[in-house]
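# Observations on the model geometry
One letter stands for each residue in the lines below.
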Amino acid sequence: MKLLNTILFSVFFVSFSFAQKQKCNFNLNEKDPQSGIEKKHIMTGINNQFQVWTNNNGGSYKIGLEITMTELQKDIINKGDTMTILLSNNDVLLAIADDKYLPVGKADEMTESTTYYPFYSVSANDWNTLGTNNIQVLKIKLGKEYYNFEINDSKAKKLKQAIICVK
């Protein structure tokens with residue numbers, strides 16, 4: 001009986017470990033050959049106009065965004081601007097823009113759009129909090145305006161898994 005329990009536990013543990021590894025599909029998972037810093041990145045698509053990147057560069061945590069807006073924008077994201085993160089447990093976290101981010105505009109006969117590619121730093125403590133709660137809303141400042149990007153439950157779970165994976 002003891003042998004049977006041991007075998008069943010081993011099979012369960014191997015299956016569970018394999019399942020956990022399958023959830024971590026990295027877009028980048030490498031060590032920098034010169035510095036030895038481990039870099040991990042995962043992109044989570046929220047919708048066609050909004051992607052979220054979870055980044056761990058040697059213990060430096062960042063959330064990167066790819067935001068496409070359907071009109072031409074001239075507003076910039078300044079270094080030090082904040083992104084407010086509302087979690088499912090009603091906690092609010094702040095992330096800080098690493099640099100000044102300019103809009104990238106595209107216009108042709110049919111469409112006009114602007115894409116932003118900002119990165120926001122997140123503390124290690126806040127990163128741990130992000131790994132235990134779903135993100136409901138990301139609120140960013142573009143110029144003088146604030147924009148809310150809501151994340152539905154299924155995408156929030158994928159985003160939380162990505163945060164856990166890059167840790």
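Keep in mind it's a predicted model, so treat the numbers as computed, not measured.

## Description of the state of the cysteines
According to the stated counting rule, one finds one disulfide in the structure shown. Put simply, C24 and C165 are joined by a disulfide, and their sulfur atoms are 2.0 Å apart. An S-S torsion of about -80° defines the bridge between C24 and C165 as left-handed. One end of the pair, C24, is in the loop between α1 (2-22) and β1 (28-31); the other, C165, is in helix α3 (residues 153-166), with 141 residues separating them in the sequence. Overall, the relative accessible area of 22% leaves C24 in the partly exposed class.

## Some remarks on the confidence of the model for the protein
On average, residues of the protein score 85 in pLDDT, and 87% of them reach the 70 mark or higher. Below pLDDT 50 for its whole length, residues 3-22 participates in zero contacts with residues either more than four positions away or in separate chains.

## Examining the pairing of β1
Pairing geometry for β1 and strand β2 (residues 38-47), over four bridges, is antiparallel. Its bridge partner being in β2, K31 is matched across the sheet by E38. In this structure, the hairpin formed by β1 and β2 is closed by a connection of six residues, where G36 is found at a positive phi of approximately 80°.

## A short note on the nonpolar core
A general tendency of soluble globular proteins is for nonpolar side chains to be buried together. Core analysis: the largest hydrophobic core is formed by 34 residues, its most contacted members being I63, L65, M83, I85, L130, I135 and L138. It is α3 that contributes the most residues to this core, six residues altogether. What L65 contacts, discounting residues up to four positions off in sequence, is F50, Q51, V52, M83, Y116, Y117, P118, Y120, L138 and I140.

Here is what the cut-offs are and how they apply
Residues numbered from 1 in each chain as written. Predicted model: local features only at pLDDT ≥ 70, side-chain atom pairs only at ≥ 80, totals over all residues. Heavy atoms only, no water. Disulfide = S-S within 2.5 Å. Helix = DSSP H or I, 4+ residues; strand = E, 2+ residues; numbered from the N terminus. Buried < 20%, exposed > 50% of the residue type's maximum accessible area, 1.4 Å probe, protein only. pLDDT = per-residue confidence, 0-100. Contact = heavy atoms within 4.5 Å. Pairing = 2+ DSSP bridges. Core = buried A, V, L, I, M, F, W, Y, C linked by side-chain atoms within 4.5 Å.

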